[in-house]
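# Close look at the chain arrangement
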Amino acid sequence: MSEAAQTLEGWYALHDFRSIDWMAWTAAEEAERQMALDDLHAFLKEWQSVEDNKQGSTAFYSIVGQKADFVLMHLRETLDELNAIENAFNKSTFAQFTIPAHSYVSIVELSNYMAQPGTDPMQNPEILARLKPILPKWNHICFYPMNKRREGNDNWYMLSMDERKTMMRSHGMIGRTYAGKVKQIITGSVGFDNWEWGVTLFADDALQFKKLVYEMRFDEVSARFGDFGDFYVGNRLTEEKLGELFGIK
Ligand code: VOV
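The rules behind the values
- Residues numbered from 1 in each chain as written.
- Predicted model: local features only at pLDDT ≥ 70, side-chain atom pairs only at ≥ 80, totals over all residues.
- Heavy atoms only, no water.
- UniProt positions renumbered as here; feature names shortened; annotations may be inferred.
- Donors = N, O, S within 2.8 Å, 3.2 Å for Na, K, Ca; no water.
- Helix = DSSP H or I, 4+ residues; strand = E, 2+ residues; numbered from the N terminus.
- Near = heavy atom within 4 Å.
- Polar contact = N/O pair within 3.5 Å; in protein donor to acceptor, adjacent residues only side chain to side chain.
- Nonpolar A, V, L, I, M, F, W, Y, C, P; charged D, E, K, R; others polar.
- Buried < 20%, exposed > 50% of the residue type's maximum accessible area, 1.4 Å probe, protein only.
- Pairing = 2+ DSSP bridges.
- pLDDT = per-residue confidence, 0-100.
- 1 Å grid on protein atoms, 1.4 Å probe; cavity = no way out; pocket = protein on both sides within 12 Å on 5 of 7 lines; lining within 4 Å.
- Points joined across faces, edges and corners; volume = space filled by probe spheres on them.
- Contact = heavy atoms within 4.5 Å.

The name given to the protein in an unreviewed UniProt entry is Coproheme decarboxylase, with Paenibacillus sacheonensis as the source organism. In its Pathway (unreviewed entry) section, UniProt records this for the protein: "Porphyrin-containing compound metabolism; protoheme biosynthesis." In its Function (unreviewed entry) section, UniProt records this for the protein: "Involved in coproporphyrin-dependent heme b biosynthesis. Catalyzes the decarboxylation of Fe-coproporphyrin III (coproheme) to heme b (protoheme IX), the last step of the pathway. The reaction occurs in a stepwise manner with a three-propionate intermediate."

Below is the structure:
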C-alpha cells in the first residue's frame, strides 16, 4: 500500500447554492419583499459578527449563468453549526423566495506534501490561519469539485509518496505565481460529499481564474490525474449589489 498523505483539517465548509424564485419575488407585496430583505440583512449581520469574533467566516456571491443565482459559503467549527445555519435560513421569509440549486459539504484541508520535516505544523501561525481562514472580500468567486483519477496507469492513490510530492511541488510552484491575484481554499470532501475536494478560488479579476486553471491543466497532477465537476463563477454581493439584484422598478 502506498503511504497515505497526512492531512490537517480546519473549519467545516458548506457551499449553499440557491436560485431565486423570480416569479414569486416579483409577484409579492412590497411589504413581504421588505420583510424578506430584512431577514437577509439580519442573517448577514449575524454572520459578520461570527466572523468578527473569528468563529467562522461567510462569503456571499451572485452566480452568473443558470446553475444558481447566488452562493453562501459558510465556514464553521462544527457540522452542527453549518446545519443550524441552513435550518435557520430555510425558516426565514427570505428563503421562501429561494429554490435550492446545489450544495457541497467539506472541510478546510492542508496536506503534508510540502511540510518541513521535523516541524510541528500546529505550532505554525501561518498554517493555523490557513485552516481557519477569514474568506477574502475579493470581487469574484469560482467553485468546482474535483477528484484525483484512479484509472489503469493513472491511479494517484497507487503512486509513491515521493512521486506525489514531486508533482504537488510543481503544482504549488504554478500556484505561487498567482500570489496576490488568486486565493485558493482547498476543502476535503472524502466521506462528506460526492467528490474528493472542493476548490474555491477568489480573485479581483475573474480572468485570473481562467489563466490559473488553464495553466494547471498542463501540469502533470491536473493533466493526468485531475477530474473536475461543474464550475460556478460569480460576483461579490455588496450592499449596493444586493439592492440592484432585488430591486424592482
Ligand atoms: C492559487 C494558487 C494555488 C496554490 C499556491 C496552490 C498550492 C498548493 C499546495 C502547496 C498544495 C499541497 C499542500 C497543501 O496546501 O495541501 C496544494 C494542494 C491541493 N491543491 Fe492547490 N494550489 C493552488 C490552486 C489550486 C487549484 C486551482 C486547484 C484545482 C486544480 C486544477 O487543475 O484546476 C488546486 C487543487 C489542489 C488540491 C485538490 C490539493 C490537495 C491535493 C492532495 O492530493 O492532497 N489548487 N495546493
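Alright, that's what it looks like, and here's the rest.
Just one protein ligand coordinates the iron atom of the ligand, and it is His171 (NE2) at 2.1 Å. With respect to the helices and strands, the residue His171 is situated in helix H5 (residues 161-176).

So, about the site of the ligand. Around the ligand, a shell composed of 24 residues is seen, among which Ser111, Tyr144, Lys148, His171 and Ser222 lie nearest. Note that an oxygen atom of the ligand is positioned 2.8 Å from one of the backbone N or O atoms of Ser111. One nitrogen or oxygen atom from the side chain of Lys148 is found 2.8 Å from an oxygen atom belonging to the ligand. Sorting elements by how many residues they give to the shell around the ligand places H5 first, with 5 residues. Along the lines of polarity and charge, the residues of the shell around the ligand split into 15 nonpolar, 6 polar and 3 charged.

Most of strand S3 (residues 70-76) sits inside the fold, with 7 of its 7 residues counted as buried. Taking every second residue as pointing to the same face, both faces of S3 are buried, with Phe70, Leu72, His74 and Arg76 on one and Val71, Met73 and Leu75 on the other. Where strand S2 (residues 56-63) lies against S3, 7 bridges are found, and the strand directions are antiparallel. Within S3, the position partnered with Ser62 by the bridge is Phe70.

Here the protein shows a mean pLDDT of 97. Residues at 70 or above account for 100%. Overall fold confidence (pTM) sits at 0.98, and the ipTM for the predicted complex is 0.98.

A few words now on the layout of surface pockets. A probe matching the size of a water molecule, rolled over the atoms, marks out where space remains unfilled. In this structure, the second largest pocket encloses a volume near 300 Å³. In terms of lining residues, the second largest pocket is bounded by 17 residues, among which Leu44, Gln48, Thr58, Phe60 and Arg236 are the most central. Counting only elements with at least two residues in the lining of the second largest pocket, the list comes to helix H2 (30-52), S2 and helix H8 (239-246). Looking at which element gives the most residues to the lining of the second largest pocket, the answer is H2, with 5 residues. Of the residues that constitute the lining of the second largest pocket, the class distribution is 9 nonpolar, 3 polar and 5 charged.

So, on to the UniProt feature "binding site: Fe-coproporphyrin III" (unreviewed entry) in the protein. Per the UniProt annotation, the sites labelled "binding site: Fe-coproporphyrin III" (unreviewed entry) are Arg130, Tyr144, Pro145, Met146, Asn147, Lys148, His171, Gln184 and Ser222. Annotated residues spanning 93 residues; largest pairwise C-alpha distance 22.6 Å, indicating distribution over more than one region. Considering the arrangement of structural elements, one finds Arg130 in helix H4 (residues 125-131). Residue classification places Arg130 among the partly exposed residues on the basis of a relative accessible area of 41%. For Arg130, the residues in contact, after removing those within four places along its chain, are Val108, Leu110 and Gln184. Within the secondary structure, Lys148 is located in strand S5 (residues 140-148). When neighbours within four sequence positions are excluded, Lys148 is seen to be in contact with Trp156, Tyr157, Met168, Glu196, Trp197, Val221 and Phe225.

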